[in-house]
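# Summary of the model geometry
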Amino acid sequence: MFSDNPLLAQLKQQIQENLPKKEGLIKATDKGFGFLEVDSKTSFFIPPPYMKKAMHGDKVVAIIRTEKEREVAEPQELIEPSLTRFIGRIKLYKGKLNVAPDHPQLKKQPLKAKTKKGVNPEQFAEGDWVVAHLIRHPLKGDNGFFVEISEKITDANDKIAPWWVTLAENDLPNHEPDGIENWEQKDDADLQRTDLTATPFVTIDGESTKDMDDALFAQRKDNGDFELTIAIADPTAYITPDDSMDKVARERGFTIYLPGRNIPMLPRELADNLCSLIEGEIRPALCCQVTISQDGTIGDDIRFFAANIKSHARLVYEHVSDWLENGTSDAWTPDETIAQVVRDLYDMSKARAGWRETHAVVFPDRPDYRFELSEDNDVIAIHADSRRSANRLVEEAMVTANVCAGKVLKESFGTGVFNTHAGFKPEKVQDVVDLVAEHGLEGQTAEVLATLDGFSALRRWLAAQDTMYLDNRVRKFQSYSEIGNQPAQHFAMGLDVYATWTSPIRKYGDMINHRLLKAHMMGKAPIQTPDEQVGEELSLHRKHHKIAERSVSDWLYARTLAEEPQKQTQFQAEIFDINRAGLRARLLENGATIFVPGALILDNKERITCNGDSGQIIIDNHVVFRLGDVLPVILTEVNQENRNIVAKPVETFGETNPEKTAE
């Protein structure tokens, strides 16, 4: 009798308006209740009845009331839903469609669904992967959650699901762009191409690489310096800024590299054939020639020019590395001409590496992990490919080429597509000063570390330390690398300017830089300059591609390691993150990311502290683990549905061994 009483409703509204309100994120639990996380230190309990109005990840405003002597939150207003467009799996209840979102905290909350107009509901079966959109939310005044299915991704048991689902999740294309029947070169009439087909250029790539976009030649001069020539494939010879293919390339941004497959930015007819620097085939190229002194300094005689070139040898990283390091290779024996080119390239690369180690920043050597897949997409093996002599040779040539491009674009136009890095976050610089001072490096100031030389010197000092602990901590204070249209310093590389142009088959920004460099060669105004949005677009593409690569890898790791908990296999793991819940580490044997909960290190919460700020795990006031430490672990759980891997240390610190400490 009171349910429709307007006075009662008005009174209830007045009471709610007078209650305190808090804004925060919803964190759900498996037991039906949840929490409103206001900040890192403040949260409020949400009882199960109130959780029916919201879902994990929603950003909401909630009223705070006291119930049974406990403050609880009741979500009242939706600020931002956790779901909009999302990936999920079909759940059928009494023949009716539901979708369970592909998220660890939402899988157990299937949502009622319908199909979009034109999508046949009869095509869906239990477990199928779909793209869905949230169209109703209780906090928007709707009666329960409701979603609309816009497309089917793949069947429930498709072995290629990791790739298709990940691409759909990140809204990325799953196939190469459509090409055209007849590709024609469209060079500017004033662009003269030098005939370098007699120059013995070589390509050095992976054994399976088809889109070979760089060829190298070096020759030692009589005075001991090197003349280095870098030839880069030239897709802008075929694609103008007005072509529809240019728009496609911009929309894609980059070639997508996922474990076991790639989706090219350009049609394969261009990427793998007409533009690929295939041995023995004449190809249009953009070239940079420069002198490298014996101490690795880049000369002032940087020259860019267009050419027709021919690769005289298609070489493989492993074969060249074996030959350089051991004097021989079972798989490759070069003739004297090619052997001399490779020797001169190698000596040049050592000179450049020495210069960078002294004056700039060199990244530590870490292996690249590569999945070997069978024809039916099962993981056969995971290879840890080390960066060897040939890899470093090519890397130094590419870095040199990109430094040269950065200088020329800065001086000629003051614009281009530049890779930049601003060093430390301004609000964190003093934290870095204090941290390194604690560990013996005096004399640092915020002003010094805000300069390229100061930042680079600190990074070199960190690299020389006995452990990676400080390096890991300091990296957390650094800003992120960016892509923009204005020249700026690249602190993380220790370089004044850096503009990539060496992968135009794979990167749209490099195509823009090619057109600018061609304008520089001809002394003309550019036919294309980068707008303000292109850097943001490319950065976003790069972010999504990295997420997609990591997602597919996690999926394949979970498949591959599923039986290891039963086998009790021991792995070596390097710690790269510590938070209040435990630590995250990378298995050195295969690159898989694992989580070690604090409770599996020591089940007594009173004795253990996982301190993310200091990057340490402390038991009984003794440091037992730090960032950068390597520890033996055993996997305890591999959840293929969530793609999570949980592990525990081989040697734990339980109640039976309270004296155990580790430095």
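If you're wondering where the values come from, they're calculated on a predicted model, not measured in any experiment.

### Some thoughts on helix α8 (residues 389-412)
Look at α8: 35 Å from first C-alpha to last across 24 residues, which is about the 34 Å you get at 1.5 Å a residue. Counting buried positions along α8 yields 18 of 24 residues, so the element is predominantly enclosed. The positive-phi residue at the C-terminal boundary of α8 is Gly414, with phi of around 70°.

### Notes on the domain arrangement of the chain
Looking at the assigned domains, one finds that the chain contains domain 1 (19-80), domain 2 (91-158), domain 3 (194-408 + 543-552) and domain 4 (562-649). Each of domain 2 and domain 3 has a C-alpha centre, and these two points are 45 Å apart.

### Points about the packing of aromatic side chains
For the coordinates displayed, the defined rule picks out 10 aromatic pairs. By the ring-pair criterion, three or more aromatic residues cluster together here, those being Phe33, Phe35 and Phe45. The residue whose ring lies beneath Arg303 is Phe305, and the NZ or CZ to ring-centre distance is 4.2 Å. Across the ring face of Phe576, the terminal group of Arg586 is positioned such that the distance to the ring centre comes to 4.6 Å.

### With respect to the confidence of the model for the chain
When pLDDT is averaged along the chain, the result is 93, and 96% of the positions lie at 70 or above. Contacts for the low-pLDDT stretch residues 656-663, under 50 throughout, to residues beyond four places or in other chains number nine contacts.

### Description of the sheet that holds strand β9 (residues 129-136)
Judged by pairing direction, the barrel is mixed, and its five strands sit side by side in the order β6-β7-β8-β10-β9 before closing back on the first. Here the average twist between neighbouring strands, direction ignored, is 55°. Here strand β6 (residues 85-93) pairs with strand β7 (residues 96-101) via six bridges, running antiparallel. Opposite Arg89, over in β7, you have Ala100 as the bridge partner.

### Side note on the UniProt feature "domain: RNB" (unreviewed entry) in the chain
In the numbering adopted here, UniProt assigns the feature "domain: RNB" (unreviewed entry) to residues 193-523. What you have in residues 193-523 is 37% helix and 24% strand, and the ends, taken at the C-alpha atoms, are 15 Å apart.

### Some details on the pattern of salt bridges
Summed over all chains, the structure comprises 42 salt bridges. Among the ionic pairs, Glu74 bridges to Arg65, the shortest N-O distance being 2.2 Å. The exposure class assigned to Glu74 is buried, which follows from its relative accessible area of 8%. The class for Arg65 is buried, based on a relative accessible area of 17%. By sharing partners, the salt bridges in this structure join Arg356, Asp365, Arg387, Arg392, Glu395 and Glu396 into a single network.

### A word on the sheet that holds strand β25 (residues 608-611)
Read from one edge of the open sheet, three strands run β25-β26-β27, paired in antiparallel fashion. Edge positions in the sheet fall to β25 and β27 (622-626), since each of these pairs with one other strand and no more. Across the sheet, the mean angle from the axis of one strand to that of its neighbour is 20°, orientation sign disregarded. Across four bridges, strand β26 (residues 616-619) lies against β27 in antiparallel orientation. If you follow Ile618 over to β27, its bridge partner there is Val623.

Criteria and thresholds
- Residues numbered from 1 in each chain as written.
- Predicted model: local features only at pLDDT ≥ 70, side-chain atom pairs only at ≥ 80, totals over all residues.
- Heavy atoms only, no water.
- Helix = DSSP H or I, 4+ residues; strand = E, 2+ residues; numbered from the N terminus.
- Expected span 1.5 Å × (residues − 1).
- Buried < 20%, exposed > 50% of the residue type's maximum accessible area, 1.4 Å probe, protein only.
- Domains from an automatic or database assignment.
- Phe/Tyr/Trp six-rings, centres within 6.5 Å; stacked < 30°, edge-to-face > 60°.
- Lys NZ or Arg CZ within 6 Å of the ring centre and 35° of its normal.
- pLDDT = per-residue confidence, 0-100.
- Contact = heavy atoms within 4.5 Å.
- Pairing = 2+ DSSP bridges.
- Axes fitted to C-alpha atoms, helices over the stretch in contact; angles between N-to-C directions.
- UniProt positions renumbered as here; feature names shortened; annotations may be inferred.
- Salt bridge = Lys/Arg side-chain N within 4 Å of Asp/Glu carboxyl O.

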